[in-house]
Amino acid sequence: MDLSAELIRRSPHLLLRFVLALAEIKNRKIRKDARHGAKIPPLGSVGLVDTKNSDTVFLLGSGSSINEISEEKWSQIAKFDSFGLNFTVCLPFVPTHYFFEACFEEVTNVLFQFYEKRGEDYSGVLKILSASFPTSTEMEYRFVNFPEPWSSNIYSAGVYRTVTRTESELVSEIGRLKKLGVFDIGRSHVNTLFKHMGSVSSLITLAGAMSYKNIVLCGFDITNPAYFYDDVERYPDMERYATKVRPKLAQFPSNRSALQTPGSMVIMELKKQVLDPAGIHLYVENSLSGLYPEVELAPDSLYETQTNHL
């Protein structure tokens, strides 16, 4: 069974099915181009569990609280697996995995300049390209022609995007997708990721599929719109992009969207329906996160112990 097609077919709203179908066409186009170009194999071709080095994973977002992480704590985080996301490529820290998305042209231009600059640092990092946003044909082809040496170790993942307007719709939709196997824990091979609101929903889905026992959210501040790279003294390379990138990013659905269930609710429902039943602990790195205290603060012992390693 084509899972993406089945998910679209069973979506509760006619307009939603149409929008998701268009997005899936774009996803397939990118994946097809990647296969034909022999550039980016599908994510399902790699055993993700084999890329794990710890039972704890740190998911790195773009919230301003990232700048509150001390050098000592970064050195502790470096002992565990981590997933960078999009603009975290600006950070001096190099994660074990990196997740990025086909996006607006202005944003992508910024990212590609960092891909050229950080190629050597990221050559050994497992990189996952997600076709989360509809893009132009020109942009689709660009995403199969990455600069060297960034182009090594890249895999493409399809994304099942869903939209819900109320809490009851969200609860029902995640429950339905769970029955269809979208959130199965312990999968070595993953082709399609769940996406609702922010990219953190895809990362949580991926971390669950890889059976991490502890997931720590860093820089997913939810209620604070500031990004870590707004501090241009720390990230001078981002200063000249502010007028181009920020207006585009402002178009992204926010936690306060009146048209969709908020991002914090999505995270909490994934915690309730997917993570908790599997015994996976979800934490935030900083109490500044809008998820705290509903999501616990990661204890100091989590950073210090070596028993989390495989």
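Criteria and thresholds
Residues numbered from 1 in each chain as written. Predicted model: local features only at pLDDT ≥ 70, side-chain atom pairs only at ≥ 80, totals over all residues. Heavy atoms only, no water. Helix = DSSP H or I, 4+ residues; strand = E, 2+ residues; numbered from the N terminus. Buried < 20%, exposed > 50% of the residue type's maximum accessible area, 1.4 Å probe, protein only. Contact = heavy atoms within 4.5 Å. Areas by Shrake-Rupley, 256 points an atom, 1.4 Å probe, with all protein chains shown as cover. Pairing = 2+ DSSP bridges. Axes fitted to C-alpha atoms, helices over the stretch in contact; angles between N-to-C directions. Phe/Tyr/Trp six-rings, centres within 6.5 Å; stacked < 30°, edge-to-face > 60°. Lys NZ or Arg CZ within 6 Å of the ring centre and 35° of its normal.

Asks: For this particular structure, what's the right way to read the overall build of the protein?
Replies: Secondary structure assignment for the protein yields 11 helices and 9 strands. Counting only residues that meet the buried cut, the protein has 54% of its 310 residues in that class. Sequence-distant contacts, at least 24 apart, represent 78% of the contacts inside the protein between residues at least 6 apart. As presented, the protein carries roughly 13,600 Å² of accessible surface, and 52% of it is formed by carbon and sulfur atoms.

Asks: Mind showing me how you'd approach the pairing of strand β8 (residues 281–284) here?
Replies: For a regular strand, the rule is simple: side chains alternate between the two faces of the sheet. Relative to β8, strand β7 (residues 214–218) is paired through 4 bridges, and the arrangement is parallel. Within β8, the position partnered with Val216 by the bridge is Tyr283. Pairing analysis gives 2 bridges linking β8 to strand β9 (residues 296–297), with the strands arranged parallel. From the neighbouring strand, Tyr283 faces β9, where its bridge partner is Glu296.

Asks: What's the story with the sheet that holds strand β6 (residues 192–195) in this structure? I'm lost.
Replies: Sheet strands associate in pairs through backbone hydrogen bonding, adopting either a parallel or an antiparallel arrangement. Reading across from one edge, β6-β5-β4-β3-β2-β1-β7-β8-β9 is the order of the 9 strands in this open sheet, with parallel pairing throughout. Either end of the sheet is taken by a strand with one partner, and the two such strands are β6 and β9. Of the strands in this sheet, β6, β7 and β8 are in contact with helix α10 (residues 263–275), which crosses β8 at around 155 degrees.

Asks: So what exactly am I meant to see when it comes to the packing of aromatic side chains here?
Replies: Aromatic ring pairs are described here by two measures, namely the spacing of the ring centres and the angle between the planes. Enumeration according to the criterion identifies 20 aromatic pairs in this entry. Judged by centre distance (5.5 Å) and plane angle (35 degrees), the rings of Phe58 and Tyr303 are tilted. In this pair, Phe58 sits in strand β1 (residues 56–60) while Tyr303 sits in helix α11 (residues 300–304), placing the two residues 245 residues apart along the sequence. Each member of the pair, Phe58 as well as Tyr303, is classed as buried. Ring geometry for Tyr98 and Phe100: centres 5.3 Å apart, planes at 25 degrees, overall stacked. Of the two residues, Tyr98 and Phe100, neither departs from the other in class, the shared state being buried. Three or more aromatic residues link up through ring pairs in this structure, and these residues are Tyr98, Phe100, Phe112, Tyr115, Tyr122, Phe146 and Trp150. Lying across the ring of Tyr212, Lys52 places its NZ or CZ 4.8 Å from the centre. Lying across the ring of Trp150, Lys127 places its NZ or CZ 5.3 Å from the centre.

Asks: What am I meant to see in the environment of Val216 here?
Replies: Tracing the backbone shows Val216 in strand β7. Residue classification places Val216 among the buried residues on the basis of a relative accessible area of 0%. For the pair Val216 and Ser82, spaced 134 residues apart in sequence, the C-alpha to C-alpha distance is 9.2 Å.

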